[in-house]
Amino acid sequence: MALGTNTGGAGAGTEVPALSGAPLLGSLHDLKSDSLGTYLRAQQLHGDVVRVSAGPPGMRADLYCVFSPEGVQQVLASEAANFRKDNAFYQEVRESFGNGLLTSQDEDYLRQRRLVQPLFTRRRVDGYAGAVAAETASVVTAWEEALDGIVDVSDEMTHLALRAVARILFGTDVEATADVVARCFPVITDYVLRRGYSPANIPRNWPTPGNRRAAAAMDELYGVCDRIIGQRRRAGADASGEDLLTLLAAARSSDDGEFDDGELRDQVLIFLLAGHETTATSLCFALHLLARHPEQQDRAREEITRVLGGRPPQASDLERLPYLSQVVKEAMRLYPAAPVIGRKAVAATRIGGHAVPAGADVILAPWVTHRRPEHWPDPERFDPDRFTPEAEAGRPRYAWFPFGGGPRACIGQHFSMLESVIALAMILRAYSFEAVDAEIPVGAGITLRTEGPARCRVRRLDTPRAE
């Protein structure tokens, strides 16, 4: 076969080492029961590039797993055009959540990115700080009535992140959308996962119970989005809102035109998906880790009190709270919201000296790369000081990539950091945390998901007065 000319070895490249599995189904059971542990074991046994096979003969899938920062950079950045979102999983996401920025490709993606990019400048995103602070203030107040002073930070941060992104997207229509999203998203995401990781699927239009439940959830979700989009269209030039949907509806250029109603809905659905589940994960685990590490919790709170006093946090405070930002980054290292990223190789190439064939399903796993001990000594230890500027400068660019990278890097990464730091600042200033659940089982869904409670005992603190 013709191989690429990228770095990683001469000639045809060596055969990719394989993770051993069951004779009939390969590693299918391991991937279904603990995919993150399976990928971690594959790297520990076989190194930077490992083939994991799953499924019965005739339907078996070979996954080429890439774990080194250099290999990740090759897939996401230097050879990004050779690794596309053409796998079965992305197709299922596309069919359920639309062809938005997360799932679109080629000219569709470039056009969408050009239309959306002006709405995600740092200045524009900083304007959403007030919405985040308002939603966080509601959570802080509600926790005063927590039963026995115990809250499940997984549920609470999902609620907070969903309401924040819904307020930013829909403005005054947040109440009409947040409940629908909270009810419908779990049904749809579970449906996507079952189909995305199944060797074979029945058609979506067959009237099975699972198909009917998913179709009903999609109809309800699409309906509320279409209704609000219709209202914005009818308002036209009279629309005065600064919510993201109004700005998306008004986005246009001479070369790229504007979004039609279907494209608007696709963008809204993808922003809802990516904008609340990822940030909720980061907030949940930042609080969980601080609850287990009182010294780091006290250090973060001291910084917050010194910088903010009693005033509400603002976007400009992001740079004034470096330790809190380090806490968020370390939480993202240990618990990346996107623990597994998939691509499909267009042409045969070499990665780390190993031959990867055309058409191969390629797996990147931040969950694993973020635990490479040569870049992260004692990798399971929670240590925000790993993210001082000096420490970051000493590591490969893709040793840490919670937002992906290259031309498809997450457009909302500044918003995610802004939201996380503002919310944590307000919560930690108001409450101290003690972990009730020392360990939280997790699994890989569309995003990282908790598979058990993440309870903390919270104690109200005296909030400093503004000077």
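Definitions and limits used
Residues numbered from 1 in each chain as written. Predicted model: local features only at pLDDT ≥ 70, side-chain atom pairs only at ≥ 80, totals over all residues. Heavy atoms only, no water. Pairing = 2+ DSSP bridges. Helix = DSSP H or I, 4+ residues; strand = E, 2+ residues; numbered from the N terminus. Buried < 20%, exposed > 50% of the residue type's maximum accessible area, 1.4 Å probe, protein only. Contact = heavy atoms within 4.5 Å. Axes fitted to C-alpha atoms, helices over the stretch in contact; angles between N-to-C directions. Expected span 1.5 Å × (residues − 1). Arc of directions from axis to C-beta. pLDDT = per-residue confidence, 0-100.

Some remarks on the pairing of strand 10 (residues 361-364)
Note that strand 2 (residues 61-66) and strand 10 share 4 bridges and pair parallel. Following the sheet pairing, Y64 is matched in strand 10 by V362. As paired elements, strand 7 (residues 341-345) and strand 10 share 4 bridges and run antiparallel to each other. In the strand pairing of strand 10, I341 is matched with L364.

Points about unusual backbone geometry
You will see that D106, though not glycine, has its phi angle at about 55°, which is positive. Here D106 falls in the partly exposed class, since its relative accessible area comes to 48%. Positive phi values are uncommon outside glycine, yet D378 reaches one of about 50°. Counting through the fold element by element, D378 comes out in the loop between helix 14 (366-369) and helix 15 (389-393). Overall, D378 belongs to the partly exposed group, its relative accessible area being 46%.

Comments concerning the sheet that holds strand 10
Here we have 5 strands laid out as an open sheet, ordered 1-2-10-7-3, and mixed in their pairing. The outermost strands of the open sheet, each flanked by one partner alone, are strand 1 (49-54) and strand 3 (83-84). Each of strand 1, strand 2 and strand 10 touches helix 1 (residues 28-46); the most contacted strand, strand 1, lies at about 155° to it.

Examining helix 12 (residues 294-308)
Between its first and last C-alpha, helix 12 extends 21 Å over 15 residues, near the 21 Å set by a 1.5 Å rise per residue. Those residues of helix 12 that sit buried are Q296, Q297, A300, R301, E303, I304, V307 and L308. Each buried residue of helix 12 lies within a common arc of 160° when the element is viewed along its axis, so the set occupies one face. When the buried face of helix 12 is taken as reference, the exposed residues oriented beyond 90 degrees from it are P294, E295 and R306. Within two residues after helix 12, G309 carries a phi angle of roughly 60°, on the positive side.

Considering the sheet that holds strand 4 (residues 150-152)
With antiparallel pairing, 3 strands are arranged side by side in an open sheet as 4-14-11. Each edge of the sheet is formed by a strand with only one pairing partner; in this case those strands are strand 4 and strand 11 (431-435). Going from strand to strand, the sheet's axes swing by 40° on average, the running direction of each strand aside. By the bridge criterion, 5 bridges tie strand 11 to strand 14 (residues 455-460) in an arrangement that is antiparallel.

Digging into the confidence of the model for the protein
Per-residue pLDDT for the protein has a mean of 91; in total, 95% of the residues score no lower than 70. Here residues 1-11 scores under 50 on pLDDT; set against residues more than four positions off or in separate chains, the count is 28 contacts.

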